[in-house]
Amino acid sequence: MAKKNVSVWTSIPFWRRSAAWVTGFATILLIWLSFDTLGQISMGTDEDLKNGVTKRVPGATVINYNIDYKYSKKRGSEVPVIGDKEPFFGKEWSVDEAAGLLHLGKLTSQAKNCMNCHTLLGNGAYYAPDLTKAWLDPMWSAAGPMQAMTGKSTKEEAIAEFLVNPSQYPTHARMMPNLGITADEAVGLVAFLKHMSSIDTNGFPRNFSKTVEQFKQGGTNAR
Amino acid sequence: MLASIKTHELKYESQKLGMMYFRVAIILFGAQLLMGLIAAFQFLVPGFLFEIFDFSVARMVHINALIVWMLFAMIGSVYYMLPDETGIEAVGVGIGKLAFWVLTAAVTVVVLVYIFVQVGAGTEATIWFINEGREYIEAPRWADIGIVVVVLIFYWNVFATYLKGTQTGIMTVMVADLMALAGLYLTGMFFTDNITMDQFWWWWIVHLWVEATWEVFVGALAAYALVKIIGAKREIVEMWLWIEVLMLFGSGILGLGHHYFWIGTPEYWWEIGALFSALEPVPLVAMFVHVLYDWGKEQGEAHAKGEAGSVLNNGPAMGWIVTNAFGNFLGAGVWGFFHTLPQVNIYTHGTQFTASHGHLSFYGAYATILIGMFYMGIQGAYGIDRLKMTFKSKMGLFLTTFGVLGMGVALLISGYEQVLVERGELGGGWNAYFTAQELPWYIQGQLWRMIMGIVTFVGFVYLAWDLLTIGKQARQAQEA
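Residues numbered from 1 in each chain as written. Chains lettered and ligands numbered in written order. Predicted model: local features only at pLDDT ≥ 70, side-chain atom pairs only at ≥ 80, totals over all residues.

**Comments concerning the overall build of chain B**
Rules: Note on conventions: DSSP H or I runs of at least 4 residues are helices, E runs of at least 2 residues are strands, and numbering of each starts at the N terminus.
A tally of regular secondary structure across chain B gives 16 helices and 0 strands. Projected onto its principal axes, the C-alpha positions of chain B cover 65 × 50 × 45 Å.

Right under this line is the structure:
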C-alpha cells in the first residue's frame, strides 16, 4: 500500500473516511429533521382548539369536539376536520379530565396489547381492522349496526360496551376476545381512539370507508 | 439435549460463551416457529384457542422470540469472532457468563409472563411488569433495564478486548456498530400519551436496528466468515466492508423516513423516505455480488494452482451465507422496494404486504447468516478441518428456505387482494377489512402460508437435528 500510484478506489483509508463522512452527514440531517418533526408533532393545547389553530396532533380536549375526515383539494387527500363541540359520554371534559382520560386510554391500549391484532396508524398486526380512524367508522354511526347491537344510543357508549364484552357482539367468525377491559378503561380507550382519529395522517387511510355501502348493495362505480 | 453439542476443542472461553448463546438461540428459534404456526392456524380457524391463547399472545411471542433469538445469536457471534479477530481472550469472560445467565433467566421469566399472564390492567404497573404493548419491544420495563445492564457488560467486554488486542477493520466496524445498536434501544424506554410521538421514537429502534445497524452487523459478520471459510483476502474484504457501511448507512439512516409517511409526521418525509429507502437495495446487491465474487475468485485461484476440490472449509456455513446474501437482497431489498414509495404505500401500509416482506426479510437478511454462524461454531467446537454438508444440512437449508419463500409469496398474494379490495375498492374500515379477509383468494393465500409454515418447521427440525449431530460425526470421520 506504500506505492504512490495505487488508485484511490482501492484504498481502504479512502473508503473508511467516506463511510464516516456519509454516516455522519446522514445522522446530522436525521437529527436536524427530527427536531423539526418533534416540534410539529407535539400535542396541541386546549387554547389551540378554542382558537381554531390546526395542530397535527391536537390536545386531549379534542374529545369534546365533533371530528370529521374530509377531502381537501389543497392537500389532495382527506384531512381531519375538527368541528363544533359535542358531548362525549354526555358531558364536556375539562383539560385535566381529558388529559387523564387519554392517559388511561393510551396505557390501556398498551396493557391490553391492542397492537398485536390491530394496526394503529397502520402499524401493528394484521388480524383485525386498522384503528387509525376507527372512531369515524360507519359501523358505529347512528345508521350502522353496532349501536343497535349493543343497545346504546351514542357512538362512544356503543364502542365502550363492545370493548368491555367484545365476544358477546360477534360480527364475523373472527372475534375480539374478552381482555378484561373495565368500564373505566373502556371510556379511556374510546377517548384514545377519538383522539387518534383527529391526528393528521397525510390522508391515510385513503377514501376511508367511502364505498362500503355501495359495494354491499352490489353497486359499482360504472353506473 | 443441546448440551450434547461439545465445545472442548475451542481454545478460548469467549468462544465457549458464544456457543452458550447459540444453544439458547436455537431453542428460541423453535419457539418462534411454533408460535407462528399457532397464529397462522388462527387465521384459518378463528375459534382455535379463542380466549385461551389468543392471536395477540401467539403473535407477540412469535415476534419477540424472533428478536430475542437473533440478539442471542448476534451476541454469541460477536463472542465467537472476538478472539479470532483480536487474537486474545475476551477480557471479562467470567462476568460475561454471569450476564448470559441473567439474560437467559430474564427472557424465561418474560416469556412465561407473556404466556400465562398475557395482559394486565391499564396501569403503569402493567407496563413495568407484564408487557409494554409496543410491537417488537413488548418486553416490560424491568426487563428493558435488565437488558441494558447485560448489554453494557457485553459491550464493555467487546470494547475492552478490542482495545487490548489487534484492531482489525472488521472489528472496528463491529465495535462502532454495536455502540449505535445498543444506544438506540434507549429510545424505546419511555411512555407517552401521544401516539404519534410514541411511534416516531418506536421507529428509531425498529428501523434503525433492522434497516441500518443490523445490516452493518451482517456485513461485518459476512466479512469475518469469508475470511474464515474461503480464506478471502482481508484487505479486499475490509475494503468491501467500508463501502457497504457507506452505502448501508448512507441510505438506511434517512430511509427511516419511509415509516413517517402516515403516523402524523410532516409531509416532507414522503420525499426523504422515498428517495433514501429506494436506495436501500443498492448495498444489498453489492453484498450479494461481493460474496459470490470472492468465492469465485478464491476457487479460481485454487484451481489455477492445480488444487483439486472445493476451497470451502465449511460447506453448511457457506450455504447459509450465500442464502443470506441472496435472501437479504430479495427479502429486504426487492420486497421492501415493492411498497416503499408513498404513492404505493398509502394502500399497502398495514396489510399482509408488510407481513410478506417481514417474513422474507428477517429470514433472508438475518436468520440465514446467524444459522451460518451456528455452523461456524460447530466447526470450531469439534475442531473440524473441513465441515461438509450432510443430508440433514441440505434438507434443513432447502426446506426452511423453500418454506419461508413460499410463505412470503402466499402472503404477498393475500396482501395484493387485501390492498385491491380493502384499501383500493373499499377504503379501509371495519367492513372493508372483513370483506377482504373473507374473499376466497385471501383465504387461499393464508392456507398456503400455513402449509409453507409447516414446511419451514420440518426444515427447522432437520436443521436442529443436524446441528446436534454433524459435529460429532465429522469429528469421528476426521479421526478415522
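**Let's talk about the domain arrangement of chain B**
Residue and element names in this part refer to chain B. What counts here: The split of the chain into domains comes from an automatic or database domain assignment. Contact between residues is assigned whenever the C-beta positions, reconstructed from backbone atoms, fall within 7 Å. For this scheme, ten residues count as nonpolar: Ala, Val, Leu, Ile, Met, Phe, Trp, Tyr, Cys and Pro. Four count as charged, namely Asp, Glu, Lys and Arg, and the remainder, Gly too, count as polar.
Structurally, chain B comprises domain 1 (1-166), domain 2 (169-298) and domain 3 (312-480). Contacts between domain 2 and domain 3 engage 23 residues on the former and 27 residues on the latter. Looking at the side of domain 2 that touches domain 3, the elements with two or more residues in it are helix H7 (195-229), helix H9 (268-279) and helix H10 (281-304). For the side of domain 2 that touches domain 3, the element with the most residues is H7, which contributes 8 residues. Looking at the side of domain 2 that touches domain 3, its residues break down into 18 nonpolar, 2 polar and 3 charged.

**Some points on the confidence of the model for chain A**
To keep it simple, the criterion reads: Note on scores: pLDDT gives the predictor's confidence for each residue, bounded by 0 and 100.
When pLDDT is averaged across chain A, the result is 91; 92% of the residues are at 70 or more. Per-element confidence in chain A ranges from a low mean pLDDT of 56 for helix H7 (residues 212-216) of chain A to a high of 98 for helix H6 (residues 183-197) of chain A.

**Some thoughts on the pairing of strand S2 (residues 77-85) of chain A**
Residue and element names in this part refer to chain A. Our working definition: Being paired, for any two strands, means DSSP has found at least two bridges between them.
In this sheet, S2 lies alongside strand S1 (residues 65-72) in antiparallel orientation, the contact comprising 7 bridges. The residue of S2 that forms the bridge with Lys 70 is Val 79. Between the antiparallel neighbours S1 and S2 lie 4 residues, among them Gly 76 with a positive phi of about 75 degrees.

**A short note on unusual backbone geometry**
Residues and elements named next belong to chain A. Cis peptide bonds are those with omega within 30 degrees of zero, and the linkage from Phe 204 to Pro 205 qualifies with -10 degrees. Here Pro 205 is to be found in the loop between H6 and H7. Notably, Asn 113 is not glycine yet its phi reads approximately 65 degrees, a positive angle. As for its placement among the helices and strands, Asn 113 is situated in the loop between helix H3 (95-111) and strand S3 (119-120).

**Describing the environment of Glu244(B)**
Residue and element names in this part refer to chain B. Locating Glu 244 in the fold gives a position in helix H8 (residues 234-255). As for Glu 244 and Gln 42, which are separated by 202 residues in sequence, their C-alpha atoms are 41 Å apart. With near-sequence residues (within four places) excluded, Glu 244 lies in contact with Gly 219, Pro 283, Ala 286 and Met 287.

**A short note on the interface of chain B and chain A**
Interface size is often expressed as the accessible area that is lost when the parts come together. Tallying the contact residues gives 66 residues for chain B and 74 residues for chain A. Those elements giving two or more residues to the side of chain B that touches chain A turn out to be helix H2 (55-86), helix H4 (124-129), H7, H8, helix H12 (342-348), helix H13 (352-381), helix H14 (391-425) and helix H15 (430-437) of chain B. Among the elements that make up the side of chain B that touches chain A, the one with the highest residue count is H8(B) (11 residues). In the side of chain B that touches chain A, the residues fall into 31 nonpolar, 22 polar and 13 charged.

**With respect to the packing of helix H11 (residues 315-338) of chain B against H14(B)**
All names here are of chain B. The following threshold applies: Only the stretch in contact is used when a helix axis is fitted, and all axes are lines through C-alpha atoms; the angle between N-to-C directions ranges over 0 to 180 degrees. Here is the rule for angles: anything less than 35 degrees is roughly parallel, anything more than 145 is roughly antiparallel, 65 through 115 is roughly perpendicular, and the remaining ranges are oblique.
It is at 11 Å that the axes of H11 and H14 come closest, and there the two elements cross at 5 degrees. Here H11 lies roughly parallel to H14, going by the angle between them. Where H11 approaches H14, its residues Pro 316, Gly 319, Trp 320, Thr 323, Gly 331 and Trp 335 are matched on the opposing element by Ser 393, Leu 397, Thr 401 and Gly 408. Looking at the contact of H11 with H14 residue by residue, the class counts come to 4 nonpolar, 6 polar and no charged.

**Some words on the environment of Leu312(B)**
Residue and element names in this part refer to chain B. Applicable threshold: Three exposure classes are used, based on other C-beta atoms lying within 10 Å of a residue's own C-beta, which is placed from the backbone: buried for 20 or more, exposed for 12 or fewer, and partly exposed in between.
Inspection of the secondary structure assignment puts Leu 312 in the loop between H10 and H11. By the C-beta count within 10 Å, which is 20 here, Leu 312 ends up buried. Each C-alpha atom, one on Leu 312 and one on Leu 387, is 8.6 Å from the other, the two residues being 75 residues apart in sequence. Those residues within four positions of Leu 312 in sequence are excluded, and the remaining contacts are Ile 229, Ile 230 and Met 318.

**Looking at the packing of H14(B) against helix H16 (residues 440-479) of chain B**
In helix packing, the relevant descriptors are the interaxial angle and the interaxial distance, both defined with respect to the helix axes. All names here are of chain B. We count it as follows: Helix crossings get a hand from a simple test, with the near helix turned counterclockwise from the far one by less than a right angle marking a left-handed crossing and a clockwise turn marking a right-handed one.
The geometry of H14 relative to H16 is characterised by a closest axis approach of 7 Å and an angle of 160 degrees between their N-to-C directions. When the interaxial angle is binned, H14 and H16 end up roughly antiparallel. Classified by chirality, the crossing of H16 by H14 is left-handed.

**Here we look at H13(B)**
Residues and elements named next belong to chain B. The cut-off we apply is this: Here a helix's expected span is defined as the number of its residues, less one, multiplied by 1.5 Å. Two axes enter the definition of the bend at a residue: one is fitted to the seven residues ending there, the other to the seven starting there, and the bend is the angle between them.
Along its 30 residues, H13 runs 41 Å from first to last C-alpha, staying within 8% of the 44 Å computed at 1.5 Å per residue. Maximal helix bending in H13 amounts to about 35 degrees, located at Tyr 363. Of all 30 residues making up H13, 29 are buried, and the element is well covered by its neighbours. Once H13 ends, the next one or two residues include Gly 383, with phi positive near 60 degrees.

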